[in-house]
Amino acid sequence: MNPLEMVVAIVLIVTIASVIKARYGIHKDQNGNEVYRGGPADTASAAENARLKDEIRALKERVQVLERVVTDTDGSVRLDREIESLRDKN
């Protein structure tokens, strides 16, 4: 391979890499570090993250209620009676 072909190959590889990085939203900040700037996929993932956070919050509230029901000593006797009364009806 002659030197001119090698230079052309290197320039081609660098150009392709730059296009791929731009396509995925990777840019350099003022310090020269490569950072991801979100594009359309980033807004979709942000919406998905918000939905998942809401779902986790709701599940945590449900777990708190269940813990309160299970650990409530006075309520557990009452709960046991209600469960037994429901069993007796069947």
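Refer to the structure above for everything that follows.
This is a predicted model, so every value here is computed, not measured.

Colleague: Could you give an account of the overall build of the chain, naming the residues involved and the relevant values?
Modeller: In terms of helices and strands, the chain carries 3 helices and 2 strands. When the elements of the chain are put in sequence order from the N terminus, they spell out α-β-β-α-α. Buried residues in the chain amount to 2% of all 90 residues. Roughly 8,300 Å² of accessible area belongs to the chain as shown, and the carbon and sulfur atoms make up 60% of that amount.

Colleague: Break down a nonpolar patch on the surface for me, citing the residues and quoting the values.
Modeller: Where nonpolar side chains cluster on the molecular surface, the patch consists of L12, I16, I20, Y24, I26 and Y36 and spans about 620 Å² of accessible area. The greatest single-element share of the nonpolar patch, amounting to 3 residues, is contributed by helix α1 (residues 3-23). Considering the arrangement of structural elements, one finds Y36 in strand β2 (residues 34-36). For Y36, a relative accessible area of 49% translates into the label partly exposed.

Colleague: Go over the pattern of salt bridges, please, and point to the residues and values.
Modeller: Evaluation of the coordinates by the stated rule reveals 3 salt bridges. E48 serves as the salt-bridge partner of R51, at 2.8 Å between the closest nitrogen and oxygen. Placement of the pair is R51 and E48 together in helix α2 (residues 40-71), with a separation of 3 residues, close to one helical turn. When the shortest N-O distance is used, the salt bridge between R57 and D54 registers 2.8 Å. Placement of both R57 and D54 in helix α2 is noted, with a separation of 3 residues, approximately one turn of the helix.

Colleague: Residue-level account of α1, with values.
Modeller: The end-to-end C-alpha distance of α1 is 30 Å, a good match for the 30 Å that 21 residues give at a rise of 1.5 Å each. A side-chain oxygen of the first residue of α1 lies 2.9 Å from the backbone nitrogen of L4; this N-cap is N2. Following α1 by one or two positions, G25 has its phi on the positive side, about 80°.

Conventions adopted
- Residues numbered from 1 in each chain as written.
- Predicted model: local features only at pLDDT ≥ 70, side-chain atom pairs only at ≥ 80, totals over all residues.
- Heavy atoms only, no water.
- Helix = DSSP H or I, 4+ residues; strand = E, 2+ residues; numbered from the N terminus.
- Buried < 20%, exposed > 50% of the residue type's maximum accessible area, 1.4 Å probe, protein only.
- Areas by Shrake-Rupley, 256 points an atom, 1.4 Å probe, with all protein chains shown as cover.
- Patch = residues over 30% accessible without salt bridge, like charges linked within 9 Å, V, L, I, M, F, W, Y side chains within 5 Å.
- Salt bridge = Lys/Arg side-chain N within 4 Å of Asp/Glu carboxyl O.
- Expected span 1.5 Å × (residues − 1).
- Polar contact = N/O pair within 3.5 Å; in protein donor to acceptor, adjacent residues only side chain to side chain.

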